[in-house]
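# Descriptive structure summary
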Amino acid sequence: MQIFALIILLSFIVLNEFKSTKHVHKGLIDDFKLEDYPYVMCLKILLPNKRVETCTGSLVAELFVLTAAHCVYGKDKKDLKVYQGSRIKSHDSRNVVKLYVHESYNHTSEVIIGDLSILKIEKPFSHIEEYIRIGGSPIDFANNKYLKCIVIGFGIINAEHEGFIKQIMVKHGRKACEGYDSVQIIDTWQQYLCEVPNKHKTYEGDSGGPMICNNLQYGVCSFSININGGDMQTVYVFIDYYRKWSKTP
């Protein structure tokens, strides 16, 4: 039943246009201007021990937030809150009334697939009229082409600074990700977009954040791969892979 609901929601979004170090995110925070990206959401996740975790998401329709499955897997919707922008600076939040995790996601597997989730919030953000549109295709990366994209996340450095935006170069293909012959990637590379490795790393809290290329959301921040020499490559779920899947009977 849950997978059927997720297919319906993903189809709705499409029709309206709009081993690795598994889920470990460390890195660099830059300035983030909320007014330029009103559809970027911050997720506050209350854990049983009263600790709070943060993830990032994107508003793809009036009531629906796209994020990573590993952010919310096993969580109760009552323990989730969605903020526009930084939860440190914003008090405008929404409760989650429905939570859909992609059925192929397996939190115990070393092969990371289906790392997508959709949250339905209780009511719209009254002042937001712009939602991120989903787009992208493997054709965009034909002939080993790279794309210049931006990524946004709410990883935290301290209690005063939260939120970053960064420009990266992105590639897609069988050898786009480091360790492409590893068990984690060799059979699943079609599902990933990989940034060109660099010294800049993402923080915990950036998970679920959007990768935006050509003014469309191509990817969702999923996991990172450590590389010899201190570089890191962040891997994003390629939404197009699941958009095609959602259209199948």
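See above for the structure.
Because the structure is a prediction, the values reported are computed rather than measured.

### Some remarks on unusual backbone geometry
Not every positive phi belongs to a glycine, and Lys50 is a case in point at roughly 75°. By the element assignment, Lys50 lies in the loop between strand S1 (40-46) and strand S2 (52-61). One non-glycine residue, Asn144, lies in positive phi territory at about 60°. Along the chain, Asn144 turns up in the loop between strand S6 (117-121) and strand S7 (147-156). Relative accessible area serves as the criterion here: at 68%, Asn144 is assigned to the exposed category.

### Topic: the packing of aromatic side chains
One pass over the structure, following the stated rule, counts six aromatic pairs. Measuring from ring centre to ring centre gives 6.3 Å for Phe141 and Tyr218, while their planes differ by 80°; the resulting arrangement is edge-to-face. In this pair, Phe141 sits in the loop between S6 and S7 while Tyr218 sits in strand S11 (residues 216-226), placing the two residues 77 residues apart along the sequence. Through pairs of rings, three or more aromatic residues link up here, namely Phe141, Tyr218 and Phe238. Note that Arg94 overlies the ring of Phe125, its terminal NZ or CZ placed 4.4 Å from the centroid.

### Notes on the environment of Val196
Mapped onto the elements, Val196 comes out in the loop between strand S9 (192-195) and strand S10 (210-213). Separated by 26 residues in the primary sequence, Val196 and Val170 place their C-alpha atoms 5.9 Å from one another. The residues contacting Val196, other than those within four sequence positions of it, are Tyr146 and Met169.

### Quick notes on the nonpolar core
Val65, Leu66, Val82 and Leu119 are the most contacted members of the largest nonpolar core, which totals 42 residues. Residue contributions to this core peak at five residues, all from S1. Those residues within four positions of Val82 in sequence are excluded, and the remaining contacts are Met41, Cys42, Leu43, Val65, Asp92, Ser93, Arg94, Val96, Leu119, Ile121 and Phe125.

### Here's the deal with the state of the cysteines
Covalent bonding between the sulfur atoms of two cysteines defines a disulfide. In the structure shown here, the tally under the stated rule is three disulfides. The disulfide that involves Cys55 links it to Cys71, with 2.1 Å between the sulfurs. Judged by the torsion about the S-S bond (-90°), the Cys55/Cys71 disulfide is left-handed. Remark: Cys71 occurs in helix H2 (residues 69-72) and Cys55 occurs in strand S2; sequence separation between them is 16 residues. Both residues of the pair, Cys55 and Cys71, count as buried. Between Cys149 and Cys213 runs a disulfide, and the two sulfur atoms are separated by 2.1 Å.

### Quick look at the sheet that holds S2
An order of S1-S2-S3-S6-S5-S4 is seen for the six strands of this closed barrel, with the pairing classed as antiparallel. Each neighbouring strand pair of the sheet contributes to a mean axis angle of 40°, computed without reference to strand direction. Two elements, strand S5 (residues 93-101) and S6, share five bridges in a ladder whose sense is antiparallel. From the neighbouring strand, Lys98 faces S6, where its bridge partner is Lys120.

What counts, and at which threshold
Residues numbered from 1 in each chain as written. Predicted model: local features only at pLDDT ≥ 70, side-chain atom pairs only at ≥ 80, totals over all residues. Heavy atoms only, no water. Helix = DSSP H or I, 4+ residues; strand = E, 2+ residues; numbered from the N terminus. Buried < 20%, exposed > 50% of the residue type's maximum accessible area, 1.4 Å probe, protein only. Phe/Tyr/Trp six-rings, centres within 6.5 Å; stacked < 30°, edge-to-face > 60°. Lys NZ or Arg CZ within 6 Å of the ring centre and 35° of its normal. Contact = heavy atoms within 4.5 Å. Core = buried A, V, L, I, M, F, W, Y, C linked by side-chain atoms within 4.5 Å. Disulfide = S-S within 2.5 Å. Pairing = 2+ DSSP bridges. Axes fitted to C-alpha atoms, helices over the stretch in contact; angles between N-to-C directions.

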